[in-house]
Amino acid sequence: MKFSKLMQRAGTETAFAVLAKAKKLERQGRSIVHFEIGEPDFNTPENIKQAGMKAIQQNFTHYSAAHGVMELREAIANYISKTRGIDVSPEEVVITPGGKDVILFTAIAILNEGDEAIYPNPGYPIYESAIKISGATPVPMVLLEENGFAFDREQFKKLVNSKTKLIIINSPGNPTGGNLSQDDLEFIADIAKKNDIIVMSDEIYSRIIYKGEFHSIASIPGMKERTVILDGFSKTYAMTGWRLGYSVANKELSEQFVKLATNSFSCVTTFVQKAGIEALNGPQDSVEMMKKKYEERRNLIINGLNEIPGFSVRMPEGAFYAFVNITKTGKTSQEIADYLLNEAGVATLPGTSFGKYGEGYIRFSYATSLDNIREGLKRVKEAVSKL
Ligand code: PLP
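Residues numbered from 1 in each chain as written. Predicted model: local features only at pLDDT ≥ 70, side-chain atom pairs only at ≥ 80, totals over all residues. Heavy atoms only, no water.

This next bit is on the site of the ligand. Around the ligand, a shell composed of 13 residues is seen, among which Gly99, Asp202, Tyr205, Ser234 and Lys235 lie nearest. In this structure, an oxygen atom belonging to the ligand sits 2.7 Å away from a main-chain N or O atom of Gly99. In this structure, Arg243 approaches the ligand through a side-chain N or O atom, which is 2.8 Å from an oxygen atom. For the ligand, the protein covers 94% of the area, taking 390 Å² as the surface of the free molecule. Along the lines of polarity and charge, the residues of the shell around the ligand split into four nonpolar, five polar and four charged. (Near = heavy atom within 4 Å. Polar contact = N/O pair within 3.5 Å; in protein donor to acceptor, adjacent residues only side chain to side chain. Areas by Shrake-Rupley, 256 points an atom, 1.4 Å probe, with all protein chains shown as cover. Nonpolar A, V, L, I, M, F, W, Y, C, P; charged D, E, K, R; others polar.)

As structure tokens, this is what we get:
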């Protein structure tokens with residue numbers, strides 16, 4: 001079959017392919033320790049599950065408006081207004097089946113062929129894919145370990161030109177765990193305002209931050225109108241499989257997102273949206289509990305990985321990923337990831353799953369139990385000693 005040019009431009013997320021490979025090995029009787037997929041191992045908090053079940057019983061099983069359920073959009077508008085210190089109205093909120101759609105929607109709504117969009121590399125692979133799908137040119141902003149995977153202002157300044165229409169940022173970041181400082185955000189904001197550029201700020205890990213406070217670029221004066229905030233429930237509330245996320249953007253742009261929603265999923269599952277209201281308005285202690293556990297796991301895995309000869313990793317400031325420098329092993333990212341899976345039964349992702357500047361790294365997701373981390377570290381150490 002011959003597929004469209006658009007499909008040839010589209011990329012993918014290899015975490016799901018590695019998961020499938022690891023599951024196949026498990027079916028063959030191998031024991032696998034999973035570090036490949038970026039999802040909380042916690043179950044969704046009980047109050048949220050109850051709210052979802054109650055909503056089914058109350059027959060919230062029909063279509064909602066394409067924008068989403070008003071009560072949820074109000075809860076999100078309140079939450080974003082409070083946490084970002086800006087004034088958001090429900091009309092500026094669109095509910096999506098996961099934050100992921102916001103990436104594609106933003107690219108499709110804003111970009112044309114010949115435009116350029118700057119995105120972090122290594123970074124979440126859907127950024128580059130979505131830009132390519134839109135027909136625009138992806139321009140990588142290389143995140144360097146020596147800058148704490150934060151931001152290189154000199155490099156950034158050189159990347160911006162009259163064709164730049166979109167800048168994508170992600171803090172705390174996947175796969176690096178790096179954070180953008182308030183100074184970095186102000187620098188980006190200044191350039192975005194001067195050059196009339198839209199910023200898509202992926203804030204999906206904003207509640208999983210171990211050091212300092214979360215800052216959103218949308219809070220900077222003059223930025224709310226030109227920022228698309230991507231956020232959602234997957235990571236904060238361990239709700240990956242519910243598929244619930246949202247955009248916060250100016251009304252004009254939000255209407256374009258609604259048009260895209262109408263052309264694709266129509267609306268997010270109504271009872272799932274109802275559960276989202278409970279997630280935001282109900283008790284938040286489970287969010288704090290999960291964060292504390294991630295921090296404990298982070299400390300264990302980072303210290304353990306740094307003891308392995310040839311491996312080095314900096315302490316991530318947010319999210320739940322260890323991005324390990326493996327250059328001293330003399331092997332490529334793919335070789336190390338394959339070796340660990342086949343020899344040690346440890347599933348990780350090669351850094352190149354996050355763009356070409358991820359070469360020299362492998363990613364461990366530490367959203368898994370302390371016991372799994374201990375077992376994984378033991379296996380990795382033994383396998384690496386045989387390299
Ligand atoms: N953005 C980043 C940086 C992510 O890591 C992910 C998921 O891994 C997403 C967005 C999408 O999350 P979801 O679609 O589950 O809300």
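From this point on, the discussion continues.
Membership of the largest hydrophobic core comes to 65 residues, with the highest contact counts inside it found for Leu305, Phe311, Leu340 and Phe364. Ignoring anything within four residues of it in the chain, the contact list for Leu340 reads Gly345, Val346, Thr348, Ile362, Phe364, Val380, Ala383 and Val384. In terms of nonpolar packing, the next biggest core, distinct from the first, is built from 30 residues, Leu143, Ala150, Ile197 and Tyr361 among them. (Core = buried A, V, L, I, M, F, W, Y, C linked by side-chain atoms within 4.5 Å. Buried < 20%, exposed > 50% of the residue type's maximum accessible area, 1.4 Å probe, protein only. Contact = heavy atoms within 4.5 Å.)

Quick look at the pattern of salt bridges now. In this structure the tally under the stated criterion is 20 salt bridges. Measuring nitrogen to oxygen at the nearest pair gives 3.2 Å for the salt bridge that ties Asp196 to Arg226. You can see Asp196 sitting in the loop between helix H8 (182-194) and strand E6 (198-202) and its partner Arg226 sitting in the loop between E6 and strand E7 (227-232), a full 30 residues away along the chain. Classification of Asp196 by relative accessible area gives exposed; the value is 56%. With its nearest N and O atoms 3.1 Å apart, the salt bridge here joins Arg374 to Asp371. Taken together, the residues span about one helical turn, with Arg374 and Asp371 both in helix H13 (residues 370-385) at a distance of three residues. Looking at Asp371, the relative accessible area reads 56%, which means it is exposed. Residues joined in a network through salt bridges with shared partners are Arg84, Glu203 and Asp231. (Salt bridge = Lys/Arg side-chain N within 4 Å of Asp/Glu carboxyl O. Helix = DSSP H or I, 4+ residues; strand = E, 2+ residues; numbered from the N terminus.)

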